[in-house]
Every structure is written in C-alpha cells, then in structure tokens.
Amino acid sequence: MAAVRDVEIDPEGTFKYILVRLQRPGGQEPRDIVRGTKAAEFHNHIFEKVNPEMEKLGYECKCLGGGKIDHNSKDKKIRVFGLSTGYGKADHSVTVEILKKAYPDYEITWSDDKK
C-alpha cells in the first residue's frame, strides 16, 4: 500500500473531500485515505476518479463519507467541516489525523459546521 499516498488534496481553497477505505481482498488491515479537489462538483465525482485507480492496484474501495476542506497554504491552516449529501459525514477526526501526517507543520481543525 506504500504506492498510494494517504492524502491528495488541492494546495489552496475550499473544496469537497471524501474519506476512502482501501482493502486488498483477503489482505492486510484496511487503510483510510483522503482525497479532495475543487474540480469535483459533487463528492461522487471524487470517488468515481479514485475507485478505478485503486482497483487497478488491486484494492477494493469504500467511501466512508465526505465533507469540505478549507486549505490555506499561506497560513499553514486546514479546516475540515461539513458533510456529503450522498455519502454522509466522514469522521472528521479520522480525516484530521491523516492530514496531520501529511502536513505536520500545519494547524488542522475540524467541526460539524456546515460552512
């Protein structure tokens, strides 16, 4: 699973994100990854891009939920909030822990606020 990055998000702005669980059939422990981009109008657009990429690598994918990320690279701050209408709210605390590994020098917070 080392070939798959834990986090792939846009470098700036506010955008939709999803929390995805990867699992190899009959394989190791599952692993959660974060994907987010301004290019996605809806959360399922992100999953529709990620799922085939991961299947090619031999993983089964399950979307655990979504929300929004506000990424301010200048101030080194990330805020995780909101929910996905289609997938429900991701566990933002899990998302934040994954983001902290990828952005160790950032201030990263989450809330259940819609905006």
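Everything here concerns the structure above.
Right, let's walk through the structure included here. Numbering of residues starts from 1 in each chain and follows the order in which that chain's sequence is written. Two thresholds apply to this predicted model, a pLDDT of at least 70 for residue-level local features and 80 or more for giving and counting side-chain atom pairs, whereas whole-chain, interface and lining totals are computed over all residues. To get the side-chain values, take all heavy atoms of the structure and skip hydrogens and water.

It is worth spelling out the overall build of the chain at this point. Numbering of helices and strands runs from the N terminus; a helix is a DSSP stretch of H or I covering at least four residues, while a strand is a stretch of E covering at least two. Assigned secondary structure in the chain consists of two helices and six strands. Reading the chain from its N terminus to its C terminus gives the helix and strand order β-β-β-α-β-β-α-β. For 115 residues, the compact-globule estimate of 2.2 N^0.38 gives 13 Å, and the C-alpha radius of gyration of the chain, at 13 Å, lies within 12% of that figure. On the principal axes, the C-alpha backbone points of the chain span a range of 40 × 30 × 20 Å. Burial here depends on accessible area, computed with a 1.4 Å probe over protein chains only, as a share of the maximum for the residue type. Under 20% is buried, over 50% is exposed, and the range in between is partly exposed. A burial count over the chain gives 41% of its 115 residues as buried. Residue contacts are counted whenever heavy atoms from the two residues lie within 4.5 Å of one another. Within the chain, contacts between residues separated by at least 24 positions form 66% of all contacts whose residues are at least 6 apart in sequence. Under the convention used here, a 1.4 Å probe and the Shrake-Rupley method define accessible areas, while residue burial counts only the protein chains that appear. Looking at the chain as shown, the accessible area adds up to about 6500 Å², and 50% of this sits on carbon and sulfur atoms. Looking at charge distribution, the chain has the averaged site of its 20 positive side-chain charges lying 1 Å from that of its 19 negative ones. For a compact globule the rule gives 2.2 Å times the number of residues to the power 0.38, and the radius of gyration it is set against comes from C-alpha atoms. The charge count treats Lys and Arg as positive and Asp and Glu as negative. His and the chain ends do not count. Just so you know, the charge point we use is NZ for Lys, CZ for Arg, CG for Asp and CD for Glu.

Here we come to the sheet that holds strand β4 (residues 60-72). Following DSSP output, two strands are said to pair if at least two bridges run between them. With mixed pairing, the six strands of this open sheet are ordered in space as β1-β3-β2-β4-β5-β6. The open sheet is flanked by β1 (7-9) and β6 (107-110), the only strands paired with a single partner. Neighbour-to-neighbour, the strand axes of the sheet open up by a mean angle of 25°, direction not taken into account. As paired elements, strand β5 (residues 77-81) and β6 share four bridges and run parallel to each other. Looking at the pairing, isoleucine 78 lines up with isoleucine 108 of β6. Across the sheet, helix α2 (residues 92-102) lies against β1, β2 (13-23), β3 (31-37), β4, β5 and β6, angled at about 170° from β6, the strand it touches most. Lines fitted to the C-alpha atoms define the axes, with helices restricted to the stretch that makes contact. Angles between their N-to-C directions range from 0 to 180 degrees.

Here the focus is α2. Spacing of three or four residues puts side chains on the same side of an α-helix, whose turn is 3.6 residues. Considered for burial, the residues of α2 that qualify are His92, Thr95, Val96, Ile98 and Leu99. Considered in projection along α2, the buried side chains sweep an arc of 165° and stay on one side of the axis. Buried-residue contacts for α2 involve β1, β2, β3, β4, β5 and β6. Note that the arc is defined by the directions from the helix axis to the C-beta atoms.

Aromatic rings in a pair are described by how distant their centres are and how their planes are angled relative to each other. Only rings of Phe, Tyr and Trp enter the pairing, Trp through its six-membered ring, and a pair is recorded when the two centres are within 6.5 Å. The plane angle decides the type: under 30 degrees is stacked, over 60 is edge-to-face, the rest tilted. Enumeration according to the criterion identifies two aromatic pairs in this entry. We call a charge positioned over a ring when the NZ of a Lys or the CZ of an Arg lies within 6 Å of the ring centre and within 35 degrees of the ring normal. Over the ring of tyrosine 59 we find arginine 24, and its NZ or CZ is 4.2 Å from the ring centre. Above the ring of phenylalanine 81, the side-chain terminus of arginine 79 is found at 3.9 Å from the ring centroid.

To continue, consider the nonpolar core. We call a set of buried Ala, Val, Leu, Ile, Met, Phe, Trp, Tyr and Cys residues a nonpolar core when their side-chain atoms join them within 4.5 Å. Counting 16 residues, the largest nonpolar core has Ile9, Val34, Ile69, Ile78, Leu99 and Tyr103 as the members making the most contacts within it. Ranked by size, the runner-up nonpolar core spans 13 residues in total, among them Val4, Val20, Ala40 and Cys63.

Note that every value here comes from positions in space, so none of it alone points to a role or purpose.
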